[in-house]
Amino acid sequence: MTDSTVGAPAQPPAQTAGLASGGAGSRRFRGARNYLALIPFHLYLAVFLILPTLIVAIGALTTAVVDAFVYSIQLSIATAIAGAVLGGLLAWAVARGKPNGLLRQFVIAASGVLAQFGGVMLAFAFLAAFGFNGLVTIFLRDTLHLDLLTDATWIYGFAGLVVVYTYFQIPLMLIVFLPSLDGLRQEWYDASASLGGSSGSFWRHVGGPILAPSFLGALLLLFTNAFSAYATAAALISQGSPLATLQIGASLQSEVVIGRENVGKALALGMIVIVSVVMVIYALIQRRASRWVR
Amino acid sequence: MTASPGAPLSAAAPDIGALAARPRGVGGGRRPSPLQRSARIAILVIVIGYLGLPLFAMLEFSTRGNYGSRSLDSYAAMLNNQDLIDGVTTSLQIAVLTVVGMLLLLVPTMVWTVVRVPRMRRVVEFLCLLPLAIPAIVLVVGIGPIYRWMGQHLGAVGASPLTLAFIDIVLCLPFAYRAIDSSLRSIDSATLADASRSLGAGWPRTIFQVILPNIRAGVLSASVLAIALVLGEYTISSLLSFNTLQVAIYLLGGRDPFISVAVSLSALVFAFILLIVIARVGGGGRRDQREVEEPAT
């Protein structure tokens, strides 16, 4: 508001009026006094609008809720980064292969299955590998005589969830990122090479900047993917994990405990807010990224 | 192709059929240096090894017999387990209802927006992609009371697990939309509709007998994706206490892990075959269209 009145034609009369009443200091004072007139309005809204909202929000943010979100967000960030790096590398390796080759079709179909339809089955896959009687656990114990993983409880903790979640993040990254890699054109590489650029300088000055928005967007998508995942963790861990989605599930299953369901609703609302914010940023980034995708 | 300009969210639900048969990018054309070739092989071995290890462990685990021998007993037992058969039957019925419901809801709507109200196309697209932004676990919190009400007031129909089809239709919208949309974009539906209408066909006939045969590939891959999604759905059915395939697998895991691992592996392989079918159909459909279109342009 103040910005728009500075250059406006109405300004000179106001200025002379200010000068007439005794200089710059009192003008500033009058400016402040003008703001004071708005205090009743803001005070009223603070008491009857903002305060109730805060009470609801703070009431929702019990330590259990905060812990759940902190745990879920840490897990989501860790697995989004791991999945994006490993999945990005896999996408590059696949994009360099034959366009209609067997490897490409195999990896894409397998990725579709593992990224989107895994759920409970992935939990059993990991129990078959790293559970108490799992292949890897037995191999380490009997063949290598390492008791590193033999108690098989690590799979139910944070480290286990990171390994399991990364497992379905990699295929999702491949599916999302492959079109961007396919969109890098041979002509751009040739142009870069004919101007004397090396492979490294191509990636630094052309490929990298073009892929950066897609990569960032994929990272956000992977974050929401891990953040919203329920089935795999639910099948792996029966109870007691602070993971937000598992807490919501637990609150739905124990409706007899009064107030527990409201924790579920508070968590659900929090999830919608977080996912919405991330998806809006994702959409903005994607708009830029899609410029280069055929 | 994958990212339509108006809908940035769409890249989150890529069309798997289209992805499998894409043109050659920068990757293929250059002659790889030895360093790049070995880097590529190392990446493939490590990442595919990571993805393959648990699957191999499932195969090993589910074929364990007595005293270190190999046996297929778990796979045989799988076929005699009544809970499992019930779960598969329920899930297959839900899958059929979901596919039919999804097609009836989506195909006329999408054709209509393209032909008659193109302005609404972005709105419909946004709404179809919305389930990507609302996690299933959040949806189930809100859908719980609705299903409780249906169970109490609509008798046997309302309490049936088949009502899960309602929510599964919503969950498969993003994938189904992407698949049908890419088919719909490759034909000139407005002209087709005008031609059909001017020859005296009504709208139902225009949509189902003129447009539908032309977007067969998209409809087929949307249907296959919906089937895969229904067969893999766990979150909502378990929290609403319906016995679907995934719930049966989970419950079985507590009693007989060997059979449940055998079922899990079979289900993953089945889903894999379905997606290979999509890739074939999607790629094949596109090739046909190109052959028809190219002489004209």
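None of the values given here were measured: they were computed from a predicted structure.

Novice: So what's going on with the overall build of chain A? Residues and values would help.
Specialist: Within chain A, the secondary structure is distributed over 14 helices and zero strands. Along chain A, from the amino end to the carboxyl end, the secondary structure elements read α-α-α-α-α-α-α-α-α-α-α-α-α-α. The buried share among the 294 residues of chain A stands at 41%.

Novice: Before we move on, could you go through the confidence of the model for chain B and cite the residues and values that matter?
Specialist: All names here are of chain B. Averaged over all residues, the pLDDT of chain B equals 81, while 84% of them reach at least 70. For chain B, helix α2 (residues 26–29) is the element with the lowest average pLDDT, namely 47, and helix α5 (residues 82–115) is the one with the highest, namely 91. In the predicted structure, residues 24–29 sits below a pLDDT of 50 and forms 19 contacts with residues beyond four places in sequence or in another chain. Note on residues 284–297: pLDDT is under 50 here. Beyond four places in sequence and across chains, it has three contacts. Predicted complex, confidence summary: ipTM 0.78, pTM 0.78.

Novice: Requested: an account of the nonpolar core, with residues and values cited.
Specialist: In this structure, B:Ala176, B:Ile180, B:Leu225 and B:Ala226 are the most contacted members of the largest nonpolar core, which totals 160 residues. Leave out the neighbours within four places in its chain, and B:Ala176 touches B:Met102, B:Leu106, B:Ala222, B:Leu225 and B:Ala226.

Novice: Describe the interface of chain A and chain B, and please don't skip the residues or the numbers.
Specialist: The interface is formed by 67 residues belonging to chain A together with 65 residues belonging to chain B. It is helix α14 (residues 260–289) of chain A that contributes the most residues to the side of chain A that touches chain B, eleven residues altogether. Classifying every residue of the side of chain A that touches chain B by side-chain character gives 45 nonpolar, 14 polar and eight charged.

Novice: Explain the domain arrangement of chain B to me, and be specific about the residues and the numbers.
Specialist: Residue and element names in this part refer to chain B. Here the domain parsing of chain B yields domain 1 (34–71) and domain 2 (81–296). One C-alpha centre belongs to domain 1, the other to domain 2; they are set 32 Å apart. Taken together, the contact pairs five residues of domain 1 with five residues of domain 2. Within the side of domain 1 that touches domain 2, the residues separate by chemical class into three nonpolar, one polar and one charged.

Novice: Can you tell me about the confidence of the model for chain A, naming the residues and giving the values?
Specialist: All names here are of chain A. Averaged over every residue, the pLDDT of chain A is 79; the share at 70 or more is 82%. When pLDDT is averaged over each element of chain A, helix α5 (residues 63–95) comes out on top at 90 and helix α1 (residues 2–6) at the bottom at 42. Segment residues 1–22: pLDDT under 50, and five contacts once partners within four positions in sequence are set aside and those in other chains are kept.

Novice: Account for the packing of helix α7 (residues 120–130) of chain A against helix α14 (residues 245–255) of chain B, naming residues and giving values.
Specialist: Contact geometry for α7(A) and α14(B): axes closest at 9 Å, N-to-C directions at 25°. With respect to their mutual orientation, α7(A) and α14(B) come out roughly parallel. α7(A) and α14(B) meet at a crossing whose hand is left-handed. For the pair α7(A) and α14(B), contact is made by A:Val120, A:Met121 and A:Phe124 and by B:Gln246, B:Ile249, B:Tyr250 and B:Gly253, respectively. In the contact of α7(A) with α14(B), the residues fall into five nonpolar, two polar and no charged.

Novice: Pulling in residues and values, what's your account of unusual backbone geometry?
Specialist: If you check the backbone angles, B:Ser241 has positive phi at about 60° while not being a glycine. As for its position among the elements, B:Ser241 is in the loop between α13 (235–239) and α14.

Novice: Explain α14(B) to me, using residue names and the numbers behind them.
Specialist: Counting buried positions along α14(B) gives eight out of eleven residues, so the element sits mostly inside the fold. Of all the positions in α14(B), only B:Leu245, B:Gln246, B:Val247, B:Ala248, B:Ile249, B:Tyr250, B:Leu252 and B:Gly253 are classed as buried.

Novice: Residues and numbers for the packing of α5(B) against helix α12 (residues 216–232) of chain B, please.
Specialist: For any two helices packed against each other, one specifies the inter-axial angle together with the distance between the axes. Residues and elements named next belong to chain B. Running from N to C, α5 and α12 point in directions that differ by 140°, and their axes come no closer than 9 Å. Our classification of the angle between α5 and α12 gives oblique. Taken as a pair, α5 and α12 cross one another with a handedness that is right-handed. Within the contact between the two elements, α5 uses Ser91, Ile94, Ala95, Thr98, Val99, Met102, Leu103 and Val107 and α12 uses Val219, Ser223, Ala226, Ile227, Val230 and Leu231.

Cut-offs applied
Residues numbered from 1 in each chain as written. Chains lettered and ligands numbered in written order. Predicted model: local features only at pLDDT ≥ 70, side-chain atom pairs only at ≥ 80, totals over all residues. Helix = DSSP H or I, 4+ residues; strand = E, 2+ residues; numbered from the N terminus. Buried ≥ 20, exposed ≤ 12 C-beta atoms within 10 Å, placed from the backbone. pLDDT = per-residue confidence, 0-100. Contact = placed C-beta atoms within 7 Å. Core = buried A, V, L, I, M, F, W, Y, C linked by C-beta atoms within 7 Å. Nonpolar A, V, L, I, M, F, W, Y, C, P; charged D, E, K, R; others polar. Domains from an automatic or database assignment. Axes fitted to C-alpha atoms, helices over the stretch in contact; angles between N-to-C directions. Parallel < 35°, antiparallel > 145°, perpendicular 65-115°, else oblique. Left-handed = near helix turned anticlockwise from the far one by under 90°.

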